[in-house]
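Here's the letter readout for the chains.
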Amino acid sequence: MGTLPSIQFDDTKVAFSYKSDRELKKANFIFSVVNNPTVSKIATRLAKVSLSLGLPIKSIIRATVFEHFCGGETVEESEKTIEKLARFHVGTILDYSVEGEKDEAGFDKTTQEILATFDEAKKSTSVPFCVFKVTGLGAMDLLEKVQAKATLSEEEKGAFEKVKHRVDQICKKAFDTQVPVLVDAEDSWIQNPIDALAYEMMQKYNAQKTIVFNTYQMYRADMLGNLRNAFHEAAMHNYFLGVKMVRGAYMEKEAERAAKLGYPNPIHPGKEATDDAFNKGLAFCIDNKQRISLVCGSHNEYSNQYLTVLMNKHSMQNTDSRVWFAQLLGMSDNISFNLAKAGYNVAKYVPYGPVESVMPYLLRRASENTSVAGQSSRELTLIRKELKRRKG
Ligand SMILES: Cc1cc2nc3c(=O)[nH]c(=O)nc-3n(C[C@H](O)[C@H](O)[C@H](O)COP(=O)(O)OP(=O)(O)OC[C@H]3O[C@@H](n4cnc5c(N)ncnc54)[C@H](O)[C@@H]3O)c2cc1C
């Protein structure tokens, strides 16, 4: 066997070359705050209360966490970020991150907003995917009822038809513009209808190539089996399977609900089991690359390195269009920029939307960087290493 590739993820000069000294110092401040559980808790509480009381905190949020983790309030405002990332061969996945719309008008507005991201992608060479969440297009409790097979009222039946129509509009737009679309994964108690919709769309639009991708949360104990079943279904019906693989973002919520309602927690009993499932999932996708396209959505260095090793073992080019590496804007730049420099396909989720509406997303990033052992201190270590290097 030849020498296996090894990407240096700790090259901070490459990782942060797109950040000015001022931006890097700000990143240092933000990660220092979120890294400390007590300070983070107080800051998050303060932000929530101030926003609900209408206190003028928006400009502070905008100039700090929002600027770090988001492209802007609109697609146009995000163009600067798109160009900046593109200079380093990193693509942008425009993510309209407004959550919690409650009525049909709000869901229609979100649909239009997402449809517009395809136009932006079409005119740019640096936007390789678009993305959406089904809860942006329909009510959470409706999806929960559909999954529980509860009897729906006539109004609810109509509302669910509208959700299906919105999903189809978006996937058709993806097909027409030939810009692939990622369907995000959400809570396990609403995920079945999301999966069903995603597979219906794949059957419709993935006959020639992968246009629609579903998301697989490998922290769920049943997910490796689900992935294998999805592959067999795709083979049976002769379409390409789009896999976005993630570990999963809603672990605490899943555990809480399972304990409250008295059913077994669907999440693996420990991090190691999640990691093992994730890496086995990557191997399964590469083994079946003739039918599977993969977006590896992860900040885990081992998994990203492992995927490069798998590609090499299968004699795939770094640029093979069936494999993408994806991270979130403002996180794990060491992974994104070093992979891109080595020629791999890399893209960042770039969330955008009005500051208040993006708050749930920002709060998830804050809590993720506080509660997940290792990650935030890793970010901080890298940022501080680069600050020191620049000082000389
Ligand atoms: C591009 C991109 C797209 C994403 N899209 C989605 C999405 O659609 N849906 C979604 O849910 N998430 C999504 N995420 C978030 C993702 O699921 C993870 O929360 C986040 O990336 C952290 O996991 P990691 O692979 O980066 O690695 P790590 O930091 O190594 O792993 C942390 C993750 O491991 C798991 N874990 C931690 N402790 C335990 C434990 N005790 N037992 C079991 N499992 C544990 C959890 O999933 C936790 O988030 C996305 C992330 C990226 C980068």
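Reading guide: rules and limits
- Residues numbered from 1 in each chain as written.
- Predicted model: local features only at pLDDT ≥ 70, side-chain atom pairs only at ≥ 80, totals over all residues.
- Heavy atoms only, no water.
- Axes fitted to C-alpha atoms, helices over the stretch in contact; angles between N-to-C directions.
- Helix = DSSP H or I, 4+ residues; strand = E, 2+ residues; numbered from the N terminus.
- Parallel < 35°, antiparallel > 145°, perpendicular 65-115°, else oblique.
- Left-handed = near helix turned anticlockwise from the far one by under 90°.
- Contact = heavy atoms within 4.5 Å.
- Pairing = 2+ DSSP bridges.
- Buried < 20%, exposed > 50% of the residue type's maximum accessible area, 1.4 Å probe, protein only.
- Salt bridge = Lys/Arg side-chain N within 4 Å of Asp/Glu carboxyl O.
- Nonpolar A, V, L, I, M, F, W, Y, C, P; charged D, E, K, R; others polar.

A. Summary view of the packing of helix H12 (residues 271-287) against helix H13 (residues 301-313). Between H12 and H13, the shortest axis-to-axis distance is 10 Å and the interhelical angle comes to 25°. When the axes of H12 and H13 are compared, the pair comes out roughly parallel. H12 and H13 meet at a crossing whose hand is right-handed. Facing H12, whose interface residues are Phe-278, Asn-279, Leu-282, Ala-283 and Ile-286, H13 presents Tyr-302, Ser-303, Tyr-306, Leu-307, Leu-310 and Met-311.

B. Molecular detail of the sheet that holds strand S6 (residues 292-297). Around the barrel, which closes on itself, the eight strands sit in the order S1-S2-S3-S4-S5-S6-S7-S8 with parallel pairing between neighbours. Across this sheet, the average inter-strand angle for adjacent strands is 30°, counted without regard to direction. Note: strand S5 (residues 241-246) against S6, five bridges, orientation parallel. Across the sheet, residue Leu-241 finds its bridge partner in S6, namely Ile-292. Against the sheet, helix H14 (residues 333-341) touches strand S7 (323-328) and strand S8 (346-352), its axis set at about 135° to S8.

C. Spotlight on the side chain of Asp-187. Tracing the sequence through the fold places Asp-187 in the loop between strand S3 (181-183) and helix H9 (188-205). For Asp-187, a relative accessible area of 2% puts it in the buried group. Once residues lying within four places of it in the same chain are set aside, the contact partners of Asp-187 are Met-140, Tyr-250, Lys-253 and Glu-254.

D. A look at the pattern of salt bridges. Throughout the structure, instances matching the rule amount to 30 salt bridges. Notably, a salt bridge pairs Glu-79 with Lys-123, separated by 3.5 Å at the nearest N-O pair. Remark: Lys-123 occurs in helix H6 (residues 104-123) and Glu-79 occurs in helix H5 (residues 75-86); sequence separation between them is 44 residues. For Lys-157, the salt bridge goes to Glu-154, with nearest N and O atoms at 3.3 Å. Taken together, the residues span about one helical turn, with Lys-157 and Glu-154 both in helix H8 (residues 154-177) at a distance of three residues. Residue Glu-154 is classed as exposed on the basis of its relative accessible area, which comes to 63%. Bridged by salt links that share partners, the residues Asp-21, Glu-386, Arg-389 and Arg-390 form one connected network.

E. Inspection of the packing of H6 against H8 at higher detail. With their axes 10 Å apart at the nearest point, H6 and H8 run at an angle of 5° to one another. The pairing of H6 with H8 is recorded here as roughly parallel in orientation. Contacts from Glu-104, Phe-107, Asp-108, Thr-111, Gln-112, Ile-114, Leu-115, Phe-118, Asp-119 and Lys-122 of H6 reach H8 at Ala-159, Lys-162, Arg-166, Gln-169, Ile-170, Lys-173, Ala-174 and Thr-177. Taken together, the residues of the contact of H6 with H8 sort by class into seven nonpolar, four polar and seven charged.

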